[in-house]
Structures are given as structure tokens and as C-alpha cells.
Amino acid sequence: MVSIVMPAYNAAKTIRASVESIQAQTVTDWELVVIDDGSKDDTAAILTELAAGDSRIRFLQNEKNSGASYTRNRAVELAQGEWIAFLDSDDMWKPDKLEKQLRLADEHPDMVICYTASSFINDDGEPYGYVMQAVEKMTYKMLLKRNLLSCSSVMIRASVMKGVKMPSDKMHEDYYVWLTVVRKCGVAYGINEPLLIYRLCANSKSSNRIKSAKMLFNAYRAVGYNPITSAWLTFRYTFHSVSKRRNIYKSV
């Protein structure tokens, strides 16, 4: 029913908890396509062990470090499920995450993409009090202003996702995909429950404000906006993003 895509790079500290949160799902009809992207730590050894104990885990390795976009695209091509869900190797799900998203799909046969609200933890797994809410129907116009679709919360029809490539690690590649898909399908359905536990890492690409702004600009350019409009959209998005981060860190 669901193919779960997980790129992994030097994730030995967190990946076991991520995979175990999949194994704890109330929905059992899933496969995990996890690809190690040239890790230099014990990531591959941990995944080898986990795959040996669960036939639903398909573990592969890139020949060399190729980046998150390439790795996700490769996993999507290999996916066999009706739906594709994404989970990064440092995030976790609540046990009923997939169950509630599949129920939503039954209630809305037109649904192409859905997501959930997110809670947050720090590098050491300590929780913040802030929850990023989800709206019932995220339109394209709303998504341009603020991306509430955390990649690790998204579930999308495989037939659609297989037609959209994540283009480059030089932009927010997942945001590009959500913009492209929602522009065509109309809305992303949301479940306003924090079914994703998102780990805020100090060295993540989104934590570097200047780098993140450049990647946002590139994403807006990739979906067709001119440089001036892209710059304005980047400024507006960054304002909301900074406010969100401030609220998260204040919620300890």
C-alpha cells in the first residue's frame, strides 16, 4: 500500500529510531526503500541488521555520495506501493501516522497529496513545546507564502510522484515538488495532528539562513517565477520561517 522513501547519510545516531517508528505503525502493509548515500559511519551496518530482521525493508547503497535529491529519486523509481511517504533518517512518526493518512485518502478519493502537523525535538531528542499546525486544505497560493508540508510528513500518490523529479540539492527540492504538484491538483490535504516528530539539527541546510534563502530563490525560479518575483517570495517566506524558528526555540 505505502512505499516509504528514506535517504540516509551518516545517520548512525538516529536511523534506528526512525526505522523503528515505521515498524511501530498500526498499518503493516508498507515497504521501506532506504538508500545509504555513501555514509562514513555505521549507518550501513545498522541498516543491514534491520533489513535482515524485516523483509519489508529494502536496503540499497549508492556507489558514491550523490545527495538527497538523487537518492530520493532513485528510491521513488524503485517504489512499488500505491502511495509514497517520505521519512528522513533523523525524524520519526507517531504510530498511527500512516493509518490516519490512508483513512483521509478513503474519505477524499480525489486526494493526491497530504501532510500532517509537526512536533519538534532537538539533536538530543529533547522535545520543544511548539507544534507547526496543518491546515485542512493547503492551496497553491498559501503554499507560496509558507511551506507547512514537512517532507517527512508527506504522503503522495506514487503515480504522481514518479512523474516529478526532485531537481537539485541547490534548492529546497521537496518544496519545489510540493509547489509543482499542488499547482496541478489544487490542494494538499492536511491532518492537524503532530504525527511527525521533526528533529532540528544545528548543521542542517535549513538552519543556515543565507544558504536557505538562496535555495528558496532557486526553487521559485525552477517553478517559473522571474527573478524579481522570486526575490519577493523568498523574502516573504524567510520572514515567516524566522518567526517559526524563534517560536520553536522559545517553547523549550
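For the structure given in this document, a descriptive report is provided here. This is a predicted model, so every value here is computed, not measured. (Residues numbered from 1 in each chain as written. Predicted model: local features only at pLDDT ≥ 70, side-chain atom pairs only at ≥ 80, totals over all residues. Heavy atoms only, no water.)

## Re the overall build of the chain
No. 1: Broken down by element type, the chain carries nine helices and 10 strands.
No. 2: A compact globule built from 252 residues should have a C-alpha radius of gyration of about 18 Å, and the chain, at 17 Å, falls within 12% of that.
No. 3: For the chain, the spread of C-alpha atoms along the principal axes amounts to about 50 × 40 × 35 Å.
No. 4: The buried share among the 252 residues of the chain stands at 53%.
No. 5: Long-range contacts, defined as pairs at least 24 residues apart, comprise 77% of the intrachain contacts of the chain with a sequence gap of at least 6.
No. 6: Carbon and sulfur atoms make up 53% of the accessible area of the chain, which totals about 11400 Å². (Helix = DSSP H or I, 4+ residues; strand = E, 2+ residues; numbered from the N terminus. Rg over C-alpha atoms; globule rule 2.2 N^0.38 Å. Buried < 20%, exposed > 50% of the residue type's maximum accessible area, 1.4 Å probe, protein only. Contact = heavy atoms within 4.5 Å. Areas by Shrake-Rupley, 256 points an atom, 1.4 Å probe, with all protein chains shown as cover.)

## Details of the packing of helix α7 (residues 173-185) against helix α8 (residues 209-222)
No. 1: The contact between α7 and α8 brings their axes to 9 Å, and the two run at 30°. Taken together, α7 and α8 sit at an angle that is classed as roughly parallel. For the crossing formed where α7 meets α8, the hand is right-handed. Facing α7, whose interface residues are Y175, Y176 and L179, α8 presents L216, A219, Y220 and A222.
No. 2: Class assignment of the residues belonging to the contact of α7 with α8 gives a composition of seven nonpolar, no polar and no charged. (Axes fitted to C-alpha atoms, helices over the stretch in contact; angles between N-to-C directions. Parallel < 35°, antiparallel > 145°, perpendicular 65-115°, else oblique. Left-handed = near helix turned anticlockwise from the far one by under 90°. Nonpolar A, V, L, I, M, F, W, Y, C, P; charged D, E, K, R; others polar.)

## Structural notes on the nonpolar core
No. 1: The biggest cluster of nonpolar side chains holds 48 residues, and the ones touching the most others in it are I84, F86, I113, L149 and W178.
No. 2: When neighbours within four sequence positions are excluded, W178 is seen to be in contact with F86, I113, L143, N147, L149, C151 and V154.
No. 3: Core analysis: the second largest hydrophobic core is formed by 32 residues, L32, L98, Y189 and L195 among them. (Core = buried A, V, L, I, M, F, W, Y, C linked by side-chain atoms within 4.5 Å.)

## Some details on the pattern of salt bridges
No. 1: Scanning the model with the defined rule gives 11 salt bridges in all.
No. 2: A salt bridge links R72 to D88; the nearest nitrogen and oxygen atoms lie 2.8 Å apart. With R72 in helix α3 (residues 68-78) and D88 in the loop between β4 (83-86) and β5 (92-93), this pair connects stretches of sequence that are 16 residues apart. There is no split in this pair, since R72 and D88 are both buried.
No. 3: Via salt bridges that share partners, R72, D88 and E173 belong to a single interconnected network. (Salt bridge = Lys/Arg side-chain N within 4 Å of Asp/Glu carboxyl O.)

## Focus: unusual backbone geometry
No. 1: Positive phi outside glycine occurs at N10, with the angle close to 50°.
No. 2: Along the chain, the position of N10 falls in the loop between β1 (2-8) and α1 (15-23).
No. 3: Residue N10 is classed as partly exposed on the basis of its relative accessible area, which comes to 34%.

## Details of helix α9 (residues 227-250)
No. 1: The terminal C-alpha atoms of α9 lie 34 Å apart, and with 24 residues this matches the ideal 34 Å at 1.5 Å per residue to within 8%.
No. 2: The complete set of buried residues in α9 reads S230, L233, T234, Y237, T238, S241, K244, R245 and I248.
No. 3: Summarising the contacts, the buried residues of α9 are in contact with β6 (113-121), β7 (127-132), α5 (140-145), α7 and α8. (Expected span 1.5 Å × (residues − 1).)

## Topic: the packing of aromatic side chains
No. 1: Taken as a whole and assessed by the stated rule, the structure comprises seven aromatic pairs.
No. 2: Summarising the aromatic geometry, the rings of F120 and Y130 are spaced 6.0 Å apart at their centres and angled 40° between planes, so their arrangement reads as tilted. Of the two residues, F120 sits in strand β6 while Y130 sits in strand β7, which places them 10 residues apart along the sequence. Exposure class is identical for F120 and Y130. Each is buried.
No. 3: Grouped by ring-pair contacts, the aromatic residues F120, Y130 and Y198 constitute a single cluster. (Phe/Tyr/Trp six-rings, centres within 6.5 Å; stacked < 30°, edge-to-face > 60°.)

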